[in-house]
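# Residue-level structure breakdown
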Amino acid sequence: MVAQGAAWLKQYVPLDGQQALVARCRAIIDGPAGGYVPTVRGGGKMHVRMVCLGRHWNPLTYRYEATRADYDGSPVAPVPEAFAALAARVAQEAGFIFRPDICLINWYGPDGRMGLHQDKDEGSESISAGLPVVSISLGDTARFLFGGVRRRDPVDTLLLESGDAFVFGGPARLRYHGVSRIMPGTAPPALGLEGRFNLTFRQF
Ligand code: SIN
Ligand code: MN
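Residues numbered from 1 in each chain as written. Chains lettered and ligands numbered in written order. Predicted model: local features only at pLDDT ≥ 70, side-chain atom pairs only at ≥ 80, totals over all residues. Heavy atoms only, no water.

Before going further, it helps to examine the nonpolar core. By size, the foremost hydrophobic cluster in this structure holds 34 residues, and its most contacted members are Phe 83, Val 90, Ile 105, Ile 136, Phe 197, Leu 199 and Phe 201. Looking at this core, the elements that each hand over two or more residues are strand E1 (6–9), helix H1 (15–30), strand E2 (49–53), helix H2 (81–93), strand E5 (102–108), strand E7 (133–139), strand E10 (165–168) and strand E12 (196–202). Looking at this core element by element, the count peaks at 6 residues for H2. If we skip the residues at most four places from it in the chain, Phe 201 touches Val 79, Phe 83, Ala 84, Ala 87, Phe 98, Pro 100, Ile 102, Cys 103, Pro 132, Val 133, Val 134 and Ile 136. Core analysis: the next-biggest nonpolar cluster, separate from the first, contains 25 residues, Met 50, Tyr 64, Met 114 and Val 179 among them. (Core = buried A, V, L, I, M, F, W, Y, C linked by side-chain atoms within 4.5 Å. Buried < 20%, exposed > 50% of the residue type's maximum accessible area, 1.4 Å probe, protein only. Helix = DSSP H or I, 4+ residues; strand = E, 2+ residues; numbered from the N terminus. Contact = heavy atoms within 4.5 Å.)

This is the structure we're talking about:
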C-alpha cells in the first residue's frame, strides 16, 4: 500500500504475459483506428500516442464518447475480455471490486511524458464510490509522479517498471499523477520494445 487506496503491485504481470499484452497493444495502436497524438483544449499536443477502448476520451471536451469526434470519427472498439479480466484481478488484489469498461492505451516514445492531472471524467457515481483506476506498465521504466488531491500537494516519484501494476481508488481516486519522463533502453529485452505502453482501466 503506497497510500490509503493506492497499491503498487511490482512485477505483477510475468514476462510471458507482458509479451502477450505488448503484441495486442501493438496490433491495436498500429491497426485501423489506431493510436494518434491528441490535441488538448488550448491547442497543445499531448506527448503520447493514445487509443481508447470501450469509450473514447475526448481531449477537447474531457468527456467520454462512442466515437473519436476530435479526430477521425472512428467508433471505439470494446475492451478485450482478457484485458478486463486482468484489470479486475489487479483491483481485487488491492481490495476493490471492479468491472472496467474503459481502457486507455498510451504509448510513450523516448520523449513521452504526461503532465500532472486528475482522472475525473468518469461517471460521478464511479468516482464517488472510489472505483479505482488500474494501471499496467509495459516496456521502458517510467518516472511516475503521485501527488495528493490538490495540485500543490507534495509529489512522490515512483519508478514504474515493465509488468508493474498500480491501483488508485477509494480516498486516492482523485490524487494528481503524471509521468515526468521515461528511461529509454530499460525495457526487458525479451519484449523487443523501445518505449512504453501504459494501460489504464476505469469503470465508467
Ligand atoms: C495516465 O495518467 O493516464 C497515465 C499514467 C501512466 O502512464 O503511468
Ligand atoms: Mn491519469
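From this point, things continue past the structure.
On to the coordination of the manganese ion (ligand 2), then. Looking at the manganese ion (ligand 2), the protein donor atoms are His 117 (NE2), Asp 119 (OD) and His 177 (NE2), and they sit 2.1 to 2.2 Å from it. Written as a sequence motif, the donor arrangement for the manganese ion (ligand 2) is H-x1-D-x57-H. Residue Asp 119 is found in the loop between strand E6 (114–117) and helix H3 (124–128), and its partner His 177 is found in strand E11 (residues 177–183); the two are separated by 58 residues along the sequence. Taking relative accessible area as the criterion, Asp 119 reaches 6% and is therefore assigned buried. Classification of His 177 by relative accessible area gives buried; the value is 6%. (Donors = N, O, S within 2.8 Å, 3.2 Å for Na, K, Ca; no water.)

Attention now goes to the environment of His 47. For His 47, the location among the structural elements is in the loop between H1 and E2. The partly exposed category is assigned to His 47, whose relative accessible area is 39%. Sequence separation of His 47 and Ile 105 is 58 residues, and the distance between their C-alpha atoms is 13 Å. Look past the residues within four positions of His 47 in its chain and what remains in contact with it is Asp 111, Gly 112 and Arg 113.

Quick look at the sheet that holds E5 now. Spatially, the 6 strands line up as an open sheet ordered E1-E10-E7-E12-E5-E2, and their pairing is antiparallel. Looking at which strands have only one partner, the edges of the open sheet turn out to be E1 and E2. When strand polarity is set aside, the average angle formed by the axes of neighbouring strands in this sheet is 15 degrees. Inspection of the sheet shows E1 paired to E10 by 4 bridges, in the antiparallel sense. Looking at the pairing, Trp 8 lines up with Phe 166 of E10. Contacting E1, E2, E5, E7, E10 and E12, H2 crosses the sheet at an angle of about 115 degrees to E7. (Pairing = 2+ DSSP bridges. Axes fitted to C-alpha atoms, helices over the stretch in contact; angles between N-to-C directions.)

What follows deals with the packing of aromatic side chains. Tallying each qualifying case throughout the model produces 10 aromatic pairs. Taking 4.2 Å as the distance between ring centres and 20 degrees as the angle between the ring planes, the aromatic pair formed by Tyr 36 and Tyr 71 counts as stacked. Pair noted here: Tyr 36 is in the loop between H1 and E2 and Tyr 71 is in the loop between strand E4 (63–65) and H2, with a separation of 35 residues, a long-range link. Among the residues examined, Tyr 36 registers a relative accessible area of 4% and is labelled buried. Among the aromatic residues, those joined into a cluster by ring pairs are Phe 144, Phe 146, Phe 166 and Phe 168. A cation over an aromatic ring shows up here: Lys 10 above the ring of Trp 8, its NZ or CZ 4.1 Å from the ring centre. (Phe/Tyr/Trp six-rings, centres within 6.5 Å; stacked < 30°, edge-to-face > 60°. Lys NZ or Arg CZ within 6 Å of the ring centre and 35° of its normal.)

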